[in-house]
Amino acid sequence: MKIFRLASVLPAVCRLSLALGALGTAAFVSAQEFPKGQTITIVVGFVPGGGTDTATRIVAKSLSANLGQPVVVENRAGAGGVIATQAVANAKPDGTTLLLGTIGPMTVSPHLMKMTIDPLKDLAPITMGVNFPNVLVVPPELKVNTLAELVAAAKKNPGKLTYASTGVGSAAHLAGELFAQRAGVEMIHVPYKGGSAAMLDLLSGRIDAYYATPTTSIQHVQANKLKALATTGLKRTNAMPDVPTMAESGYPGFNATNWYAFVAPGKTPAPILDRWNTEIVKVLNDPEVRMQLNKHGLTPDPTTRQELADFMAKESATWKKVVTERNIKLE
């Protein structure tokens, strides 16, 4: 009798086991699926109106059209992009939340402060977005027309002239530190939460200089509201071909470029990351998108996931050395 009862129960147990297994498999497959039809959020760690915001909105618009689903931009400013970076690292890894990672919080801030996450481990690389040099701009009231004249003014007034950046450890801040080191000058660093806020204070005369993105500065330079003294890359930017580089202006080899990359929460499944790489690279290679980005001085630079991972690791090592040698501290 006992054997009969056990035998009669076994088929039911097997059916339950198979059902549970099927559910588990379905859940696993679901976890690997691209979030079709859902709203996608790309988080930007700075206020609206700056280079990060502009670049992201150009890409998001095209992504939304290609995918046939909403792609929104969320500005979450604070701590030079660190707040947004940490938030996305802790977001649900289902492909619905991405981050426009930037040089500061991704590869510099970890060497300046205690972060709750490790950007290179807790965020998964998707593709490089754009890269570009910054542009050192000053208001006409400063009455300097060349980089040499700015250096002379800074040496005449040590510790009095100010320069803006989008935060401690940002590309603009590091460009300022490198320039101060090479030129032997002392200028006061003033960090902001984003490029548009810094630009407003520069135009109003509250600060003396700003290592701005081409996006936030080009219209003001063209309107003669600002003077562009030099760019921070090894080559002149197509957006401002008449503006010399720092290297051309007496500082050979000077190079402090900026970049924006797309990343996701670190535990996002590889199939979803691969799909995002395909979709974003497609957008970055679109002629219309490239034209729009180029118009703002931003150079599209799509990569593989591994290429971005290798690049960010190299950048982290490079800026760790700079932070140590320049003894850069949080202000």
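Look up a bit, the structure's there.
A quick note: this is a predicted structure, and the numbers were derived from the prediction, not measured.

The rules behind these values
- Residues numbered from 1 in each chain as written.
- Predicted model: local features only at pLDDT ≥ 70, side-chain atom pairs only at ≥ 80, totals over all residues.
- Heavy atoms only, no water.
- Salt bridge = Lys/Arg side-chain N within 4 Å of Asp/Glu carboxyl O.
- Helix = DSSP H or I, 4+ residues; strand = E, 2+ residues; numbered from the N terminus.
- Pairing = 2+ DSSP bridges.
- Axes fitted to C-alpha atoms, helices over the stretch in contact; angles between N-to-C directions.
- Contact = heavy atoms within 4.5 Å.
- Polar contact = N/O pair within 3.5 Å; in protein donor to acceptor, adjacent residues only side chain to side chain.
- Buried < 20%, exposed > 50% of the residue type's maximum accessible area, 1.4 Å probe, protein only.

1. What to know about the pattern of salt bridges
Link 1 in the chain: For the structure on display, the rule yields six salt bridges.
Link 2 in the chain: Here Arg275 and Glu279 are joined by a salt bridge, their closest N and O atoms 2.8 Å apart. Of this pair, Arg275 and Glu279 both sit in helix H10 (residues 270-284), four residues apart, which is roughly one turn of the helix.

2. Things to note about the sheet that holds strand E9 (residues 227-231)
Link 1 in the chain: The sheet built from five strands is open, its strands ordered E7-E6-E8-E5-E9 with mixed pairing. Each edge of the open sheet is held by one strand with a lone partner, namely strand E7 (188-191) and E9. Pairs of neighbouring strands in the sheet enclose a mean axial angle of 30 degrees, with direction left out of account.
Link 2 in the chain: The pairing of strand E5 (residues 135-138) with strand E8 (residues 209-212) spans three bridges and is antiparallel. Bridge pairing in E8 places Leu136 opposite Tyr211.
Link 3 in the chain: Each of strand E6 (162-165), E7 and E8 is contacted by helix H7 (residues 171-183), which is oriented at about 145 degrees to E6, the strand it contacts most.
Link 4 in the chain: Its contacts with the sheet put helix H8 (residues 195-203) on E5, E6 and E8, and the angle it makes with E8 is roughly 150 degrees.

3. Section: helix H11 (residues 287-295)
Link 1 in the chain: A distance of 3.0 Å separates the backbone nitrogen of Glu288 from a side-chain oxygen at the start of H11, and that oxygen is part of Asp286.
Link 2 in the chain: Gly297 sits one or two residues past H11 and shows a positive phi near 80 degrees.

4. Quick notes on the sheet that holds strand E3 (residues 97-102)
Link 1 in the chain: Strand order in the open sheet formed by six strands is E2-E1-E3-E10-E4-E11, with mixed pairing between adjacent strands. Sheet topology places strand E2 (71-75) and strand E11 (299-300) at the edges, where each strand pairs with a single neighbour.
Link 2 in the chain: Where E3 and strand E10 (residues 257-265) come together, four bridges link them in antiparallel fashion. Bridge pairing links Leu99 to Val263 in E10.
Link 3 in the chain: Where helix H2 (residues 51-67) meets the sheet, it contacts strand E1 (40-44), E2, E3 and E10, and its direction lies at approximately 165 degrees from that of E2.
Link 4 in the chain: Its contacts with the sheet place helix H3 (residues 82-89) against E1, E3, strand E4 (123-133) and E10, and it is angled at close to 145 degrees to E3.

5. A word on unusual backbone geometry
Link 1 in the chain: The backbone of Ala79 sits at a positive phi, close to 55 degrees, despite the residue not being glycine.
Link 2 in the chain: If you trace the backbone, Ala79 turns up in the loop between E2 and H3.
Link 3 in the chain: With a phi angle near 60 degrees, Asn224 is a residue other than glycine that sits in the positive phi range.
Link 4 in the chain: With respect to the element layout, Asn224 can be found in the loop between helix H9 (214-222) and E9.

6. Brief notes about the side chain of Thr56
Link 1 in the chain: Position of Thr56 among the secondary structure elements: in helix H2.
Link 2 in the chain: Not counting the four nearest positions on each side in its chain, Thr56 is found in contact with Ile42, Val44, Val73 and Leu100.

7. Description of the pairing of E9
Link 1 in the chain: Across the five residues of E9, four count as buried, placing the element largely inside the fold.
Link 2 in the chain: Pairing of E5 with E9 involves four bridges; the strand directions are antiparallel. In the strand pairing of E9, Val138 is matched with Lys227.

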